[in-house]
Amino acid sequence: MKVYAPGKLILSGEHSVVYGQPALAMAINRYAVASVGRGVIPKISLHLSDLSHSSHLSLQDLVVIKDKLKRKYQRFIHGEYQIRDVLRKPFELAQAAIAIMAGRQNVTLPDGMKIQVTSDIPIGSGMGSSAASILCVMKAASLHLNIPVSNEILYQMALEAENLQHGNSSGLDLRVSLNGGCIYVKGSDIVTRNIPDFTLYLVNTGTPDNSTGECVKQVASHFSSSQLLSEFGAVTDSMDHALQQQSWLGLQSAVKVNHQLLTRIGVVPARVQQFITQVEGMDGAAKICGAGSVTGDHAGIVMVLTDDKEQLSALCKQFQYALIPVQGELRGVHVL
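Residues numbered from 1 in each chain as written. Predicted model: local features only at pLDDT ≥ 70, side-chain atom pairs only at ≥ 80, totals over all residues. Heavy atoms only, no water.

A. Expanded view of the overall build of the chain. The helix and strand inventory of the chain stands at 10 helices and 12 strands. Relative to its length of 336 residues, the chain is compact, with a C-alpha radius of gyration of 20 Å against a globular reference of 20 Å. Each principal axis of the C-alpha atoms in the chain carries an extent, and together these give about 60 × 45 × 40 Å. A total of 336 residues make up the chain; the buried ones form 55% of that total. The contacts of the chain with a sequence gap of at least 6 include a subset with a gap of at least 24, amounting to 77%. For the chain, the accessible area works out to roughly 14,500 Å², and carbon and sulfur atoms hold 47% of it. Of note, the chain has its 28 positive side-chain charges centred 8 Å away from the centre of its 27 negative side-chain charges. (Helix = DSSP H or I, 4+ residues; strand = E, 2+ residues; numbered from the N terminus. Rg over C-alpha atoms; globule rule 2.2 N^0.38 Å. Buried < 20%, exposed > 50% of the residue type's maximum accessible area, 1.4 Å probe, protein only. Contact = heavy atoms within 4.5 Å. Areas by Shrake-Rupley, 256 points an atom, 1.4 Å probe, with all protein chains shown as cover. Lys, Arg positive; Asp, Glu negative; His and termini not counted. Charge placed at Lys NZ, Arg CZ, Asp CG, Glu CD.)

Here it is as structure tokens:
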């Protein structure tokens, strides 16, 4: 059995969604995949191919892991730790996901279980790799153990795990990966939208120096301004309107304004700004689609709207950026 969880693309609303402003996001055809089967030893064997990591965990090991992470997260809450001090190594996120699920669902382990995780979602680039990994691991484990878990319970467990990675997750990545498609979110309201009928290009500018949690904390002071919050909310609504009207020019205009706002709060590195300026110079529009970065030259994924793929490819080669073809994904977490 294999459980697939799609990555995501935030069209508008990164950062401001944490403060109750609307956001637009869509699932894409990049996946974290968890394969699950019976293990040869009475433990949970976790194999993370992309991280070259293997571990064998007993139920007692899971209790120890969960308690340790809970203490570290409390130290982060009290300002004693940076968020990157909670999960020090990438493989700890998958371990945390299993530990949280086991604790909440009172898991017993009559036989061994083997979980192998692979992913073609770039890590730390704003495409929801953490959310997808957490969801596919939790869903695969619950199915193998015959534990019925509703989507809402799965979301709540996954949110607890993602907070360990991001500090104070908005839950948007999880909602998109869990349900698929394109959604407009404002507070607790979630409205389904059609997947954009435009060609979108993703450009990977490289892994940011800062984690999502670090960026969120660094820019928090900007959002004490109600005017700035209103501007972020307005540009998301403008983009939503353009998508519903299938207006290419309206979408480009909203993307440009969104880029200006993200630049204003300091999450678009200078080199990425230069790239986007050149995209705009060829009658295109572009913006970062994740948390960005407050230091360094890399900002993760940039979404580009242009009619000229050839010119965009040449520009990516000039900047040594990878051009990633993607399509929208209607399915959320699913089994194949």
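B. Structural view of a nonpolar patch on the surface. Together, Met1, Leu143 and Val335 line one region of the surface with nonpolar side chains, adding up to about 230 Å² of accessible area. By the secondary structure assignment, Val335 is in strand β12 (residues 334-335). Overall, Val335 belongs to the partly exposed group, its relative accessible area being 41%. (Patch = residues over 30% accessible without salt bridge, like charges linked within 9 Å, V, L, I, M, F, W, Y side chains within 5 Å. Salt bridge = Lys/Arg side-chain N within 4 Å of Asp/Glu carboxyl O.)

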